[in-house]
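Read off the chains here:
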Amino acid sequence: MAATAPAAVPGENPAASRGPVGAVAAWVADIGEAVIALITTFGDVVLFGLETIRWMFARLPRKDTLLPNFYQIGVLSLPVVALTGLFIGMVLAVQSYSQFRVMRLETRLGAVINLSLVRELGPVLAATMLAGRVGSAMAAELGTMRVTEQIDALSSMGANPIYYLVVPRFLGCLILIPTLTIMADFMGVMGGYFFGVFVLDIDSHHYWVNSQKVVGLFDVASGVFKSLFFGAAIALISCHRGFHCQPGAAGVGRAATSAFVYSFVSILVLDLFLGILIDNVYMSLYPEGIRFV
Amino acid sequence: MDNMPVTEAVPPLVDVRGLYVSFAKQTVLRDITLTIPRGQTLVVIGESGCGKTVLLKTLIGLIRPTLGQVLFDGHDLSKLAERELARLRVRYGFLFQGAALFDSLTVAENVAFPFREHSHKTNAEIDRLVRELIAEVGLNENVLRKYPAELSGGMRKRVGLARALTLKPELMLYDEPTTGLDPIMSDVINELILRVRQQLKMTSVVVTHDMHTAHKVPDRVVMLYPLARLGTSEPQIIFDGTPRDLERSRDPRVTQFIKGEAGERLMEMRTQFASAESMMKGR
């Protein structure tokens, strides 16, 4: 290295220009910065959630803010959730059929498809569709309101933006995601059944008997229970992204994209931990163990 | 609490003491001290980026000071809880730069919003008051059912003004009320500012870089200067006086602004062009 290092550019980390050690130091600093940013955002979303829950109980939500959001979140999401549910059921049938046929266990297909649907795919699929359809739209809408000072206008008139904008969306997601999940479950079960029985020619009676032996109310309820957490996470993350939108069209676009990405990641992370929790509860309720599929 | 004599009859409506506002690493306002007595109309002028809008938003507590205090009628805004601040904000009116009307609500619903939030009036009463307010800002009743997206810029500003006036505020804040409007509509807005001030006897702060407004509307003019162009010991308020004093000011920074002359900025720009050109040639 030359003895006279070039003068550091103002605002840039001087360590960055000092050879390999400096490069590693800069790399560590960058990672540290990213970690700090991640933890700060996480803490911020949690505080945002607590504030939302506080406002949910502080004052009764207004019907005129609640109903349009319920319509948007529930009614308009129903067709797309139903359609994707239907196809996922059929895809499951296609994928597992050949494996099961080798073992001559075709009629067990019902158990496999329906169990994985109600426990995992139904809730995760409904939540993913909600995050994509509603979450990013909420982030874009609130982001635009932030950029055009409408959120400031609410505050300036002595109205609380969380009460007006976040609580109805949060309640909409929380209350309606179980119904969407049940819809996805139902359509998935139907899709699997029709494809299995009518296309793959599996015996209908045994298909259902095997399903009945394996899929219980606990499985359906655990899926619906998980969906509540997904709904809450989607609403809070998306509204938070919208509230902290950067100026301009690019800012709104970024808010919408990051709302979906963060929601999706948290759906999967929550799914893992809730799955572990539910398994533990199941083991304590039914100590004889996992049922044979 | 300091031991100031508290026998003063009425505190000034707005009292800004040693205000600093910084975002990330950038300081926008530095050591601003400003008292606005009741009934005064103050115009804050200054070029874009000098912190005018930030000052306006700190007056209503939308931006919290990094240091210093903003007192409204004796209440320190930064010491108030969210709920108390919300209650205090009923005494404010704020006209935002883009009017900030709620897109999802009609004009009538926008104007009715503060009534629905803060009063127990019946629908019929609210409807009557909304019609009155819309007439007061010189708009026709047929705008009531329209959505903000269907209105022109000037109409939107007037609806925003009507909404800000619903609860008869004591302090009215205007953020660049004439920016983006044609000269005639600008004058209409200036007239409206004067009229509502006379009718409601309120205190107003108008942030603008429109010299027409700065001459026509105020009792007092304050000029802010961007911190980046100031030395560390120079005050950020470079002018404070009546519109007539403004005309007589000898400060070149003030006269340049009034006359709209770029002055030394042109020189700066030329050197920047020159260096950009030499870089291009070097390549």
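Remember, predicted model here, so these are calculated numbers, not experimental data. (Residues numbered from 1 in each chain as written. Chains lettered and ligands numbered in written order. Predicted model: local features only at pLDDT ≥ 70, side-chain atom pairs only at ≥ 80, totals over all residues. Heavy atoms only, no water.)

Brief notes about the overall build of chain A
What counts, and what does not: Think of it this way: any DSSP run of H or I at least four residues long counts as a helix, any run of E at least two long counts as a strand, and we number them from the N terminus. Here the radius of gyration uses the C-alpha set of atoms, whereas the globule reference equals 2.2 Å times the residue count to the power 0.38. Burial classes follow relative accessibility: with a 1.4 Å probe on protein chains only, a residue under 20% of its type's maximum area counts as buried, one over 50% as exposed, and anything between as partly exposed. Residue contacts follow a heavy-atom distance rule, with two residues in contact if any of their heavy atoms lie within 4.5 Å. Residue-level accessible areas treat just the shown protein chains as cover; the underlying method is Shrake-Rupley with a 1.4 Å probe.
Assigned secondary structure in chain A consists of nine helices and zero strands. Each helix and strand of chain A, placed in order from N terminus to C terminus, yields the pattern α-α-α-α-α-α-α-α-α. Taking 293 residues into account, the globule formula puts the C-alpha radius of gyration at 19 Å, and chain A, at 24 Å, lies well above it. The principal-axis extents of the C-alpha atoms in chain A amount to approximately 80 × 60 × 40 Å. Counting over 293 residues, chain A shows a buried share of 45%. The contacts in chain A between residues at least 6 apart in sequence include a share of 84% that link residues at least 24 apart. Just so you have it, chain A exposes about 15,100 Å², and 72% of that area is on carbon and sulfur atoms.

Side note on the packing of helix α5 (residues 153-165) of chain B against helix α6 (residues 183-200) of chain B
Residue and element names in this part refer to chain B. What counts, and what does not: Lines are fitted to the C-alpha atoms to define the axes, a helix being fitted only along its stretch in contact, and any angle between axes, read from their N-to-C directions, falls within 0 to 180 degrees. Geometric relationships in this document are graded by angle, where less than 35 degrees denotes roughly parallel, more than 145 denotes roughly antiparallel, 65 to 115 denotes roughly perpendicular, and other angles denote oblique. When residues are grouped by polarity, Ala, Val, Leu, Ile, Met, Phe, Trp, Tyr, Cys and Pro land in nonpolar, Asp, Glu, Lys and Arg in charged, and all others, Gly among them, in polar.
One way to put it is that α5 packs onto α6 with a least axis distance of 11 Å and a crossing angle of 10 degrees. Looking at the two axes, α5 sits roughly parallel to α6. For the pair α5 and α6, the contacting residues are G154, K157, R158, L161 and L165 in the first and M185, V188, I189, L192, V196 and L200 in the second. Partitioned by chemical class, the residues of the contact of α5 with α6 number eight nonpolar, one polar and two charged.

So, the nonpolar core
To be explicit about the condition: Buried Ala, Val, Leu, Ile, Met, Phe, Trp, Tyr and Cys residues form a nonpolar core when they are joined through side-chain atoms within 4.5 Å.
The biggest cluster of nonpolar side chains holds 81 residues, and the ones touching the most others in it are L29, I32, L34, L173 and V205 of chain B. With 13 residues, helix α6 (residues 161-199) of chain A is the largest single contributor of residues to this core. The residues contacting L29 of chain B, other than those within four sequence positions of it, are L19, Y20, V21, C50, G51, V54, L55, L224, L227 and Q236 of chain B. Of all hydrophobic cores here, the second largest spans 48 residues; its members include V43, A162, V206 and F257 of chain B.

With respect to the packing of helix α4 (residues 109-147) of chain A against helix α8 (residues 217-243) of chain A
All names here are of chain A. Spelled out, the test is: Crossings are sorted by hand: turned counterclockwise from the far helix by less than a right angle, the near helix makes the crossing left-handed, and turned clockwise it makes it right-handed.
At a minimum axis distance of 8 Å, the contact between α4 and α8 shows a crossing angle of 15 degrees. Put simply, α4 runs roughly parallel to α8. Relative to α8, α4 is oriented so that their crossing is right-handed. Considering only residue class, the contact of α4 with α8 consists of 16 nonpolar, seven polar and six charged.

Description of the sheet that holds strand β5 (residues 75-76) of chain B
Residue and element names in this part refer to chain B. Put simply, the test is: The pairing criterion is simple: DSSP has to find at least two bridges between the two strands.
Taken together, four strands build an open sheet; the order of strands is β2-β1-β4-β5 and the sheet is antiparallel. At either margin of the open sheet sits one strand with a lone partner, and together these are β2 (26-36) and β5. Relative to β2, strand β1 (residues 14-23) is paired through seven bridges, and the arrangement is antiparallel. Across the sheet, the residue bridging to V16 is L34, located in β2. Across the sheet, helix α1 (residues 52-59) touches β1, β2 and β4 (67-72), and the angle it forms with β1 is around 120 degrees.

A look at the pattern of salt bridges
Here is the rule: Between Lys or Arg on one side and Asp or Glu on the other, a salt bridge is scored when a side-chain nitrogen of the former is within 4 Å of a carboxyl oxygen of the latter.
Counted under the stated rule, the structure contains 29 salt bridges over all chains. Several salt bridges converge on common partners, so that one network encompasses R146, E149 and D152 of chain A together with K57 of chain B.

Overview of helix α10 (residues 264-282) of chain B
Every α-helical turn comprises 3.6 residues, leaving residues that sit three or four positions apart pointing alike. In plain terms, the rule: Given a helix with a known number of residues, its expected span is that number minus one, times 1.5 Å.
Here α10 of chain B spans 27 Å end to end across 19 residues, near enough to the 27 Å set by a 1.5 Å rise per residue. Burial of α10 of chain B is sparse: only zero of the 19 residues sit out of reach of the surface.

Description of the confidence of the model for chain B
Residue and element names in this part refer to chain B. We apply this condition: A residue's pLDDT is simply how confident the predictor is in it, with values from 0 to 100.
Overall, the predicted model of chain B reaches an average pLDDT of 89, with 96% of residues at or above 70. Predicted confidence for residues 1-7 stays below pLDDT 50, and this span has zero contacts to residues more than four positions away or in other chains. The ipTM, which scores confidence in the relative placement of chains, is 0.88 for this predicted complex, and the corresponding pTM is 0.86.

A look at helix α3 (residues 78-102) of chain A
All names here are of chain A. Where we set the bar: Bend is computed residue by residue as the angle between axes fitted to the seven residues ending at the residue and the seven residues starting at it.
The first and last C-alpha atoms of α3 sit 37 Å apart over 25 residues, in line with the 36 Å expected at 1.5 Å per residue. The sharpest bend along α3 reaches about 40 degrees and sits at S96. Within α3 the residues assigned to the buried category are V81, A82, G85, G89, A93, S96, Y97 and F100. Summarising the contacts, the buried residues of α3 are in contact with α4 and α6. Positive backbone phi, at 60 degrees, marks R104, one or two positions downstream of α3.

Section: the interface of chain A and chain B
In plain terms, the rule: Buried surface area refers to the total accessible area, computed with a probe of radius 1.4 Å, that the two partners give up upon joining, counted for both partners together.
Counting from both sides, the interface comprises 19 residues of chain A and, opposite them, 22 residues of chain B. Here chain A meets chain B over a buried area of about 1,700 Å², counting both sides, of which 53% is carbon and sulfur. Taken as a group, E149, S156 and M157 of chain A account for 35% of the area that chain A buries against chain B, more than any other trio of residues on that side. Counting the contacts that link chain A with chain B gives three salt bridges. Note that E117 of chain B and R59 of chain A form a salt bridge whose closest N and O atoms lie 3.2 Å from each other. Of all the elements in the fold, those that place two or more residues in the side of chain A that touches chain B are α1 (19-58) and α5 (150-156) of chain A.

A few points about the confidence of the model for chain A
Residue and element names in this part refer to chain A. Of the residues in chain A, 92% have a pLDDT of 70 or more, and the chain-wide mean is 89. Confidence, expressed as mean pLDDT per element, reaches its minimum in chain A at helix α7 (residues 204-214) with 91 and its maximum at α8 with 96. Note that residues 1-12 has pLDDT below 50 and, in this model, two contacts with residues that lie over four places away or in other chains.

Structural notes on the sheet that holds strand β10 (residues 237-241) of chain B
All names here are of chain B. Spatially, the six strands line up as an open sheet ordered β6-β7-β8-β3-β9-β10, and their pairing is mixed. Either end of the sheet is taken by a strand with one partner, and the two such strands are β6 (92-95) and β10. On average, each strand axis in the sheet is tilted by 15 degrees relative to the strand beside it, whichever way the strands run. As paired elements, β6 and strand β7 (residues 171-175) share four bridges and run parallel to each other. Note that in β7 the partner of F94 across the bridge is L173.

Some remarks on unusual backbone geometry
One non-glycine residue, R104 of chain A, lies in positive phi territory at about 60 degrees. Along the chain, R104 of chain A turns up in the loop between α3 and α4. A positive phi angle, near 50 degrees, is found at A100 of chain B, a position not held by glycine. Tracing the backbone shows A100 of chain B in the loop between β6 and α3 (107-118).

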